[in-house]
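# Topology and contacts: notes
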Amino acid sequence: MRGWWREIAGLVLPVACGGCGRPRAEVCPSCAAELRGTGTSRVRPSPEPVGLPVVHAAAPYAGAVRELLLAHKERGALTLARPLGGALAAAVEAAAGVQEGLGGPPLLLVPVPSSRRSVRARGHDPTRRIALAAAARLRRSGRAARVVPVLRQRRYVADQAGLGARGRLANLAGALEVVPGGARLLTAGRVVLVDDLMTTGASLAEAARALGGVHPPFIRGIPHGLPAGSAQREFEQRVGAVIASSPASFEINRNSPGTWIVAGGEW
């Protein structure tokens, strides 16, 4: 009910930019530019948790991007799901790899689940709402995509705010599971774990662990787009995408060795 009246209110009350408060703009041009960032990039937290898949982010978590995410998640600015979904869609495409092309397998967006307690408190599930907007944006661009919410919390999880990297890992260890019948849904395409924000990477690592029991993280073969004669190798079919990540995680990505590009795909 809370989400319903907020959406109606957004249609009849004056709109202010969720990033800077500028009137009569859901997202002003300046904040939209920050949300787009300088282009999606692979991001790595430090320390990087074991089991974290390759993750791409659209923008650093700072300034207007931070305010937009908080306005949507905590202040009920539900109409921001559309621009935030556009940013997530760009990160999903980067994570999945351009070598898949428009004729590639469907992209299955698996959102990191929120607790029932936080959903009740906020009146909506922000990550799932943004994932639905991202899937819609991808379909409009010609990519087959849908949201597959197969993860759920299997035990109580404390509020992550104020916890460091070790605390978050301990708090989330073993917290997620795949819903009955979820494994079958994951066979229909390329799995992309999605969240609004990555800080320590604990949530995405736990989500990947939960999927690991029913969905192999690697497959054998030659990815689409590699030159003829390329050697077969294992490649990751489960990746991650977020709207924002810490600015430091972008720096680590730029300065880390071992990332190279072949035929439009990152390896």
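The following refers to the structure shown. The shown structure was predicted, so the numbers you read here are calculated from the model rather than taken from an experiment.

The subject of this paragraph is the nonpolar core. L84, L88, V92, L109, V194, A241 and I243 are the most contacted members of the largest nonpolar core, which has 38 residues in total. Take this core: its biggest share by element is 8 residues, from helix 4 (residues 81-96). Residues in contact with A241, not counting those within four places in the same chain, are V55, H56, L88, A91, V92, A95, V192, L193, V194 and D195. Core analysis: the next-biggest nonpolar cluster, separate from the first, contains 24 residues, V55, V112, L176 and L211 among them.

Look at any regular strand and the pattern is simple: side chains alternate between the two faces of the sheet. The element strand 7 (residues 190-198) is largely enclosed, with a buried count of 8 among its 9 residues. When strand 7 meets strand 10 (residues 238-245), the two strands line up parallel, connected through 7 bridges. When the sheet's bridge partners are listed, V192 is paired in strand 10 with V239.

Counting buried positions over the 11 residues of helix 9 (residues 202-212) gives 8, a clear majority of the element. Here helix 9 has its buried residues at A202, L204, A205, E206, A207, A208, A210 and L211.

Moving on: the side chain of H72. Topologically, H72 is positioned in helix 3 (residues 63-73). Among the residues examined, H72 registers a relative accessible area of 1% and is labelled buried. Residues contacting H72, with those up to four places away along its chain left out, are A77, L78, L80, A81, L84, H124, P126, R129 and I130.

Locating T199 in the fold gives a position in the loop between strand 7 and helix 9. A sequence separation of 154 residues divides T199 from P45, and the C-alpha atoms of the two residues are 6.8 Å apart.

Turning our attention to the packing of helix 2 (residues 29-36) against helix 3. Close contact between helix 2 and helix 3 brings their axes to 8 Å; oriented N to C, the two are set at 95°. Classified by the angle between their axes, helix 2 and helix 3 sit roughly perpendicular to one another. Counting all contacts with helix 2, which are made through C31, E34 and L35, the residues of helix 3 involved are G63, A64, V65 and L68.

Strand order in the open sheet formed by 6 strands is 1-2-10-7-3-4, and the pairing between neighbours is mixed. Every other strand in the sheet has two partners, leaving strand 1 (41-43) and strand 4 (145-147) as the edge strands with one partner each. Taken pair by pair, the neighbouring strands of this sheet meet at an average axis angle of 35°, ignoring direction. Relative to strand 2 (residues 55-60), strand 1 runs antiparallel, the two sharing 3 bridges. When the sheet's bridge partners are listed, V43 is paired in strand 2 with V55. In the packing of helix 9 onto the sheet, the strands contacted are strand 2, strand 7 and strand 10, and the crossing angle to strand 7 comes to about 155°.

Turning our attention to unusual backbone geometry. Cis geometry is found at the peptide bond from S46 to P47, where omega equals 5°. Looking at where P47 falls in the secondary structure, it is placed in the loop between strand 1 and strand 2.

Before going further, it helps to examine the side chain of D195. Among the structural elements, D195 can be located in strand 7. Of the side chains with opposite charge, K73 comes closest to the buried, unpaired D195, at an N-O distance of 5.9 Å. Side chain to side chain, D195 and T127 meet in a polar contact 3.3 Å long. Setting aside chain neighbours within four positions, we find D195 in contact with L88, V112, T127, S203, L204, A241, V242 and I243.

Another aspect to go through is helix 2. What helix 2 keeps buried is the set C31, A32 and L35. For helix 2, the arc enclosing every buried residue in end-on projection is 105°, short of the 170-degree limit, so these residues lie on one face. Pointing more than 90 degrees away from the buried face of helix 2 are the exposed residues P29 and R36. Tucked into the core, helix 2 has its buried residues touching strand 2, helix 3, helix 4 and strand 10. Following helix 2 by one or two positions, G37 has its phi on the positive side, about 65°.

Here is what the cut-offs are and how they apply
- Residues numbered from 1 in each chain as written.
- Predicted model: local features only at pLDDT ≥ 70, side-chain atom pairs only at ≥ 80, totals over all residues.
- Heavy atoms only, no water.
- Core = buried A, V, L, I, M, F, W, Y, C linked by side-chain atoms within 4.5 Å.
- Buried < 20%, exposed > 50% of the residue type's maximum accessible area, 1.4 Å probe, protein only.
- Helix = DSSP H or I, 4+ residues; strand = E, 2+ residues; numbered from the N terminus.
- Contact = heavy atoms within 4.5 Å.
- Pairing = 2+ DSSP bridges.
- Axes fitted to C-alpha atoms, helices over the stretch in contact; angles between N-to-C directions.
- Parallel < 35°, antiparallel > 145°, perpendicular 65-115°, else oblique.
- Lys, Arg positive; Asp, Glu negative; His and termini not counted.
- Salt bridge = Lys/Arg side-chain N within 4 Å of Asp/Glu carboxyl O.
- Polar contact = N/O pair within 3.5 Å; in protein donor to acceptor, adjacent residues only side chain to side chain.
- Arc of directions from axis to C-beta.

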